[in-house]
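Close look at the chain arrangement
Now for the letters of each chain:
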Amino acid sequence: MRKTLRGTSAGRGSYARVFAALGDETRLKLVARLSRGQPSSISQLTEGSRLTRQAITKHLRVLERARIVRSVRAGRESRFAFDPEPLTEIRGYLDFVSEQWDQALARLKSLVER
Amino acid sequence: MSDRIEKRIELRAPLSRVWRALTDYREFGEWFRVKLDGPFVPGKVSRGQITYPGYEHVKWEAVVQKMDRERLFSFTWPHPKSLGKADDPADYSKEPSTLVEFRLEKTAKGTLLTVTESGFDKLPADRRLEAFRRNEGGWEEQVKNIEAYLAKNS
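Here we summarise the structure given alongside this text. (Residues numbered from 1 in each chain as written. Chains lettered and ligands numbered in written order. Predicted model: local features only at pLDDT ≥ 70, side-chain atom pairs only at ≥ 80, totals over all residues.)

**Re the overall build of chain A**
When helices and strands are tallied, chain A shows five helices and four strands. Beginning at the N terminus, the succession of helices and strands in chain A can be written as β-α-α-β-α-α-β-β-α. A buried classification covers 26% of the 114 residues belonging to chain A. Restricting the contact set of chain A to residue pairs at least 6 apart, pairs at least 24 apart contribute 54%. (Helix = DSSP H or I, 4+ residues; strand = E, 2+ residues; numbered from the N terminus. Buried ≥ 20, exposed ≤ 12 C-beta atoms within 10 Å, placed from the backbone. Contact = placed C-beta atoms within 7 Å.)

**Examining the nonpolar core**
If you look at the biggest cluster of nonpolar residues, it comprises 22 residues, and the most contacted ones within it are V18(A), V31(A), L63(A), I68(A) and V69(A). Two domains each put at least three residues into this core: domain 1 (14-83) and domain 2 (84-114) of chain A. Every residue in contact with V18(A), bar those within four places of it in the chain, is listed here: A66(A), I68(A), P86(A), L87(A) and I90(A). Grouped together as the second largest cluster of nonpolar side chains are 20 residues, W19(B), F28(B), A62(B) and F102(B) included. (Core = buried A, V, L, I, M, F, W, Y, C linked by C-beta atoms within 7 Å. Domains from an automatic or database assignment.)

**A word on the environment of E10(B)**
Residue and element names in this part refer to chain B. Position of E10 relative to the elements: it lies in strand 1 (residues 4-11). According to the C-beta neighbour criterion, E10 is partly exposed, with 14 such atoms within 10 Å. Spatially, the C-alpha atoms of E10 and P96 are 31 Å apart, while their sequence positions differ by 86 residues. The contacts of E10, once residues within four sequence positions are left out, are T107, K109, G110 and L112.

**Remarks on the environment of K106(B)**
On the secondary structure map, K106(B) appears in strand 6 (residues 97-106). Sequence separation between K106(B) and E117(B) is eleven residues; the distance between their C-alpha atoms is 21 Å.

**Focus on the packing of helix 5 (residues 85-112) of chain A against helix 2 (residues 25-32) of chain B**
Axis separation between helix 5 of chain A and helix 2 of chain B bottoms out at 8 Å; the angle between their running directions is 125 degrees. Overall, the two elements helix 5 of chain A and helix 2 of chain B adopt an arrangement that is oblique. Only E27(B), E30(B), W31(B) and F32(B) of helix 2 of chain B make contact with helix 5 of chain A, whose side of the interface consists of A104(A), R107(A), L108(A) and L111(A). By residue class, the composition of the contact of helix 5 of chain A with helix 2 of chain B is five nonpolar, no polar and three charged. (Axes fitted to C-alpha atoms, helices over the stretch in contact; angles between N-to-C directions. Parallel < 35°, antiparallel > 145°, perpendicular 65-115°, else oblique. Nonpolar A, V, L, I, M, F, W, Y, C, P; charged D, E, K, R; others polar.)

**Topic: the packing of helix 5 of chain A against helix 1 (residues 15-23) of chain B**
Here helix 5 of chain A crosses helix 1 of chain B at 130 degrees, and the two axes come no closer than 10 Å. Judged by the angle between their axes, helix 5 of chain A and helix 1 of chain B are oblique. Relative to helix 1 of chain B, the crossing made by helix 5 of chain A is right-handed. Between helix 5 of chain A, through L108(A), L111(A) and V112(A), and helix 1 of chain B, the contact on the second element is made entirely by R17(B), V18(B) and A21(B). Split by residue class, the contact of helix 5 of chain A with helix 1 of chain B holds five nonpolar, no polar and one charged. (Left-handed = near helix turned anticlockwise from the far one by under 90°.)

Everything listed here is a matter of coordinates, which is why it stays silent on function.
In structure tokens:
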């Protein structure tokens, strides 16, 4: 069974955006890096990467729209910080549904093996 | 991170027995915990009432997709915005749904059942489960998933 949901009218969007944002290796690497470290500027994120500043910026915008990353102002430049909330939410939901399936299938097993 | 859930379970029962437990509406209701109004018919809405303790007010309204005897049974299932008593949706057919598929394969010991539920990417992001809030370790696990994904795909 599904669990009680609590809906909010704000922030409408779709999980599709989050899944799509993560469906790219460069963006996954950016997320993995930002999730471990401090908020970083585009220059810092471009360093050591084979991608151009423009390309990194484009990927960051995709992540920003999916709310996985947000930009924070630090003096004259923007820094990008990781926001775990959308991923935590989706993960929590999938874990919950997954757990319900485990329980239901255990009941099915005892029914057919009876 | 995948937008689907997949479960595989080996059952010590023949295909015919598992097929019956999945597609006979009374047997399905017993393990799934739903009281269904009538048999499953492909293309038709299956209606009933959840019997899971605490959620007896929730309606079951799925659309049966495929019934390929002893091979595949599937239906689409709405994920209403809320399962709270107060905001039970009047029309479940307007709620976004996921696709549930049961695949059966004969094995030496009985039947291998694979269940997939897909389409979570279509659910609106404002569907926040209380379970999310309790999932303290969620993010750590997510980082591991990302690392595993990178290790596998790079």
